[in-house]
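# An overview of the molecular structure
Listed here are the chains, written in short residue letters.
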Amino acid sequence: MENGGRRRWGFQGNEGLDMAASVTIRGVVTKVMSNLNPEDHRPVIPLGHGDPSGFSCFRTTPVAEDAVSDALRSRKFNSYAPTVGILPARRAIADYLSHDLPYELSPDDIFLTVGCSQAIEVLMKVLAHPGANILLPRPGYAFYEAHAAANHLEFRHFDLIPEKGWEVDLEGIKARADENTVAMVIINPGNPCGNVFTHEHLQKVAETARMLGILVIADEVYGHLVFGSNPFVPMGVFGSITPVITLGSLSKRWIVPGWRLGWLVTNDPNGILHKSGVVESIVSSLNISSHPATFIQGAIPQITEKTTDDFFSNIISILRETSDICFERIEDIACITCPHKPEGSMFAMVKLDLSLLEDIEDDMNFCMKLAKEESVIVLPGFAVGMRNWIRITFAIDPPSLEDGLGRIKAFYKRHSKKQ
């Protein structure tokens, strides 16, 4: 007893949340960065996460900057926004996305979120019910696993096949699904693999989902960031085959992840999501959630309508250049192999050959030692579901990328097994 108080407090932290958060990309990158050597005065090369906004060559368009400034100075967007987002912003996003679809989206199909991350969080809450399970890609984006776990939604993994350009293992999906499966997630363009699914493959995904009676969650946060032979095809094209919920944001295409403006879109011409109560539950979840800043919402019509093709083309040109650099330099580093040249997004997934390294235990050990010895940050593959692989981002300025990959090569030479 202390000053007449209780000997034992009746509260404690949530260990389940701690465990779920420990395997997020942000958490793992933070862990790797904690091993940087403060006595190494070379610049840190950030090849571990997809945020190129700090590099001048990836600066967003002045159109977007002016739109935010205009919205703020107008004083029209200082109030709370409606739960689902302000109507002009939802209408603008519906128009923007409808350009690539065989049908017109309505503003009522659009729900604004605090980045794509909140859209994921909302869906995991909406779909979680006793006994339910969801199918997630491996490799994939660990935010899905984290929020599924936090909401007691069982997740099961299906594989992406590196030898087939990281295509979805459709037979694996059929084998993993059962009567309690509610949805499957696809990420296109791919994070972490840099792949871009073909129209034919996406149609097969939709047909498989229809056969199983599940919806498809299409994470298209990297939509249109493609520079290979496959064009970007939104999953919503197949909304008449199976219900599709698309997730997206301004973050990647406009290079403004800190603005935290995302969307959740129901691509469902047959109205199945309304009949099943999913739409109602989305609104209910948003009613008890935070909302994107109103003045950012107010800027959306100007951003989507006035951004020029030149801006998008320039970003694609830089990503094409840096993806080429990344793929070519990796070929010169014997201990890592990239099975499929990136065609989209900002990442390459590469396999570690530990047999060529004499004092490296696994992917995490590789990344920790690389950070300490070379001040280069890459993401260990276990964080995206693939042990003894690593994810490398090429969305940085070309000289820094060359420098970083050169340091990885030096690291390999220093740790290679002596013949």
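Above this note sits the structure.
Scope of this entry: the structure provided in the associated data block. (Residues numbered from 1 in each chain as written. Predicted model: local features only at pLDDT ≥ 70, side-chain atom pairs only at ≥ 80, totals over all residues. Heavy atoms only, no water.)

Looking only at helices and strands, one finds 14 helices and 13 strands in the protein chain. For a compact globule of 419 residues, the expected C-alpha radius of gyration is about 22 Å, and the protein chain comes in at 22 Å, within 12% of that figure. On the principal axes, the C-alpha backbone points of the protein chain span a range of 70 × 65 × 50 Å. The long-range fraction of contacts in the protein chain, counting pairs at least 24 apart against all pairs at least 6 apart in sequence, stands at 75%. Counting only carbon and sulfur atoms, one obtains 50% of the accessible surface of the protein chain, whose full area is about 18800 Å². Of the charged side chains in the protein chain, 39 are positive and 50 negative, and the gap between their average positions amounts to 4 Å. (Helix = DSSP H or I, 4+ residues; strand = E, 2+ residues; numbered from the N terminus. Rg over C-alpha atoms; globule rule 2.2 N^0.38 Å. Contact = heavy atoms within 4.5 Å. Areas by Shrake-Rupley, 256 points an atom, 1.4 Å probe, with all protein chains shown as cover. Lys, Arg positive; Asp, Glu negative; His and termini not counted. Charge placed at Lys NZ, Arg CZ, Asp CG, Glu CD.)

Given a rise of 1.5 Å per residue, twelve residues ought to cover 16 Å, and the 16 Å separating the end C-alpha atoms of helix H13 (residues 363-374) matches this to within 8%. Where burial is concerned, most of H13 is hidden: nine out of the twelve residues are buried. Of the residues making up H13, those classed as buried are Asp363, Met364, Asn365, Phe366, Cys367, Met368, Leu370, Ala371 and Glu374. Lining the buried residues of H13 we find helix H2 (25-33), strand S11 (347-352), strand S12 (376-380), strand S13 (389-393) and helix H14 (398-415). Backbone geometry just after H13 places Ser375 at a positive phi near 55°. (Expected span 1.5 Å × (residues − 1). Buried < 20%, exposed > 50% of the residue type's maximum accessible area, 1.4 Å probe, protein only.)

A few words on the sheet that holds strand S8 (residues 244-249). Spatially, the eight strands line up as an open sheet ordered S2-S9-S8-S7-S6-S3-S4-S5, and their pairing is mixed. Across the chains shown, the open sheet's two edge strands, defined by having one partner strand only, are strand S2 (110-113) and strand S5 (167-168). As paired elements, strand S7 (residues 215-219) and S8 share four bridges and run parallel to each other. Paired with Asp219 across the strands is Leu247, a residue of S8. Its contacts with the sheet place helix H4 (residues 87-98) against S2 and strand S9 (262-267), and it is angled at close to 115° to S2. Running at roughly 170° to strand S6 (residues 181-187), helix H8 (residues 199-212) makes contact with S5, S6 and S7 of the sheet. (Pairing = 2+ DSSP bridges. Axes fitted to C-alpha atoms, helices over the stretch in contact; angles between N-to-C directions.)

Okay, the sheet that holds strand S1 (residues 45-47) next. The five strands lie next to each other as S1-S12-S13-S11-S10, forming an open sheet whose pairing is mixed. The open sheet has two free edges, formed respectively by S1 and strand S10 (336-337), since each of these has just one partner strand. On the sheet, H14 packs against S1, S10, S12 and S13 and is oriented at approximately 85° with respect to S1.

The volume enclosed by the largest pocket comes to roughly 740 Å³. Lining the largest pocket are 27 residues, with Arg26, Gly50, Ser117, Tyr141 and Lys252 sitting closest to its centre. Looking at the lining of the largest pocket, the elements with two or more residues in it are H2 and helix H5 (115-127). Per-element accounting of the lining of the largest pocket gives the leading share, five residues, to H2. The residue inventory of the lining of the largest pocket, partitioned by class, reads twelve nonpolar, nine polar and six charged. (1 Å grid on protein atoms, 1.4 Å probe; cavity = no way out; pocket = protein on both sides within 12 Å on 5 of 7 lines; lining within 4 Å. Points joined across faces, edges and corners; volume = space filled by probe spheres on them. Nonpolar A, V, L, I, M, F, W, Y, C, P; charged D, E, K, R; others polar.)

The next subject is empty space enclosed by the protein. For the structure shown, the criterion picks out two cavities of 30 Å³ or more. Of the voids in this model, the largest cavity is the one considered here, and its volume is about 220 Å³. When contributions to the lining of the largest cavity are tallied by element, the ones reaching two or more residues are H4, S8 and S9. Roughly 50 Å³ of volume is contained in the second largest cavity. What lines the second largest cavity is Pro137, Pro139, Gly140, Leu160, Val168, Ile186, Ile187, Asn191 and Phe197. For the lining of the second largest cavity, the class distribution of residues is seven nonpolar, two polar and no charged.

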